[in-house]
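# Remarks on the overall topology
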Amino acid sequence: MRTKSSDPLWAQTADRIADDIAQGRLSPGGKLPPERELCTQLDVSRVTLRKALAHLVERGVVTASHGRGWFVAEAASAREWPHDLESFTATARRKHMRPSSLVLLREVAPAPLDDAERLDVPAGTPLLRLERVRLLNDVRIAVDRTVLPADLAPGLADVDFAVASLFGELRERGVELDRSEATIEARVADPLLAGHLSIETGAPVLLLDQTIYTRDQRPALLSTVEYSGERYRLRTTLPTH
C-alpha cells in the first residue's frame, strides 16, 4: 500500500481503510478485522494502525468499543435531526445508535441576570447547570450545555447523566416539554471545545441555541449545543404555501 505520497504512513493507512468503507467493502455497523489481521493486510505496525484508526474515530468514520474491537460508524444519513422536539437519546435510539455522555459539569448555582430573564425567574434563583459531551457509538458528536430552574424537577442534581436522558428524567417527574425556539449558527471550534470534541482548533461547528417551553408555554430550559460540523448534519423539510 505504500505510495510516493508525502503523507505519513498512518495517514495512508487511514485513507485505505476509509476507501474500503466508502466503496462498500466494509459495511456501516460492521466490525473491522482484528488488528493483527489488518496489520498483515496493510503491511503496517500495530502502532501505525492504531494511529490511523484513532484518526478515523476523530473523523466519525470508525468507532471503538472497549474489549470488542473497531467498528464502521453508521452512515451519516442516520445522524439527522428530527422535525419535532426530541431528546438526543431518543434520536440516537430511533436511529439504532448507542448514546452516551461525558459529564463535564453538574452544579446548582444562582441565576445571573441574562439567564433569569430568559427563564422568566428572579435573578439569583437556583439553577441546575449541566454540561455534557454527547457521543454516538463512542464518537464525540457535540457539547451540550443546559440550564434549568432547580425546583422545576427536584432530584435532578443527583442523577447520573452519563447514561440518563434529561428529557426522560423530566418526563418521569411530570414535566411535559412542548416546543423550542432555536437559532442555528456556523462557528469554529475554540481550543476548549476542540479538546472536548477531539477535533482541530478552528474546525467547523454548528451551534444550536434554544429556549425550550413546557405545555403551559413557560420557559423551562436554556440549551446550547455545539455539534462537530464533520460528524453531524441538519436536514429538514420546508413546506410550500
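To be clear, the structure that these remarks concern was listed above.
Because the structure is a prediction, the values reported are computed rather than measured.

### Describing the overall build of the protein chain
Tallying secondary structure elements over the protein chain gives seven helices and eight strands in all. Counting over 241 residues, the protein chain shows a buried share of 44%. For the protein chain, the accessible area works out to roughly 13200 Å², and carbon and sulfur atoms hold 50% of it.

### Topic: the sheet that holds strand E5 (residues 139-149)
Pairing in this open sheet of six strands is antiparallel, and the strands run E3-E4-E5-E8-E7-E6 from one edge to the other. Pairing within the sheet leaves two strands with one partner each, and these edge strands are strand E3 (99-110) and strand E6 (177-188). Averaged over neighbouring strand pairs, the angle between their axes works out to 15° when direction is ignored. Looking at chain direction, E3 and strand E4 (residues 126-136) are connected through 11 bridges and run antiparallel. In the strand pairing of E4, Pro110 is matched with Pro126.

### As for the packing of helix H2 (residues 35-42) against helix H3 (residues 46-58)
Where H2 contacts H3, the two axes come as close as 10 Å, and the packing angle between them is 100°. It follows that H2 is roughly perpendicular to H3 by the angle criterion. Of H3, the residues touching H2 (which contributes Glu35, Arg36, Leu38, Cys39 and Leu42) are Arg46, Leu49 and Arg50.

### Describing the nonpolar core
One finds Ile17, Ile21, Leu32, Leu49, Leu56 and Val62 to be the most contacted residues of the largest nonpolar core, which totals 19 residues. Of all elements in the fold, only helix H1 (9-22), H2, H3 and strand E2 (69-72) reach the threshold of two or more residues within this core. In terms of residue count, the dominant contributor to this core is H3 (five residues). Excluding residues within four positions of it along the chain, Leu32 makes contact with Ile17, Leu26, Leu38, Leu53, Trp70, Phe71 and Val72. Among the nonpolar cores identified, the runner-up in size contains 16 residues, and Leu128, Leu130, Leu148 and Leu221 belong to it.

### Digging into H1
A rise of 1.5 Å per residue sets the reference length of H1, with its 14 residues, at 20 Å; its end C-alpha atoms lie 20 Å apart and thus fit the reference within 8%. Of the residues making up H1, those classed as buried are Ala11, Gln12, Thr13, Ala14, Ile17, Ala18, Asp20 and Ile21. Where H1 is buried, its residues contact H2, H3, strand E1 (62-65) and E2. Following H1 by one or two positions, Gly24 has its phi on the positive side, about 85°.

### Description of unusual backbone geometry
At Asp43, a residue that is not glycine, the phi angle is positive and equals roughly 60°. Relative to the elements of secondary structure, Asp43 occurs in the loop between H2 and H3.

### A word on H3
The terminal C-alpha atoms of H3 lie 18 Å apart, and with 13 residues this matches the ideal 18 Å at 1.5 Å per residue to within 8%. On its buried face, H3 is in contact with H1, H2, E1, E2 and E5. A positive phi of about 80° marks Gly60, the residue just after H3.

### Details of the pattern of salt bridges
Within this structure, the stated rule accounts for 16 salt bridges. In this structure, Arg118 and Asp209 form a salt bridge, with 3.3 Å as the shortest nitrogen-oxygen distance. Here Asp209 lies in strand E7 (residues 204-214) and Arg118 lies in helix H5 (residues 113-119), a separation of 91 residues in the sequence. Measuring nitrogen to oxygen at the nearest pair gives 3.2 Å for the salt bridge that ties Asp144 to Arg134. Of this pair, Asp144 sits in strand E5 while Arg134 sits in strand E4; the two residues are 10 residues apart in sequence, bridging distant segments of the chain. Residues participating in the shared-partner salt-bridge network are Asp19, Asp20 and Arg25.

Calculation criteria
- Residues numbered from 1 in each chain as written.
- Predicted model: local features only at pLDDT ≥ 70, side-chain atom pairs only at ≥ 80, totals over all residues.
- Heavy atoms only, no water.
- Helix = DSSP H or I, 4+ residues; strand = E, 2+ residues; numbered from the N terminus.
- Buried < 20%, exposed > 50% of the residue type's maximum accessible area, 1.4 Å probe, protein only.
- Areas by Shrake-Rupley, 256 points an atom, 1.4 Å probe, with all protein chains shown as cover.
- Pairing = 2+ DSSP bridges.
- Axes fitted to C-alpha atoms, helices over the stretch in contact; angles between N-to-C directions.
- Parallel < 35°, antiparallel > 145°, perpendicular 65-115°, else oblique.
- Contact = heavy atoms within 4.5 Å.
- Core = buried A, V, L, I, M, F, W, Y, C linked by side-chain atoms within 4.5 Å.
- Expected span 1.5 Å × (residues − 1).
- Salt bridge = Lys/Arg side-chain N within 4 Å of Asp/Glu carboxyl O.

Read these as spatial facts, not as claims about activity.
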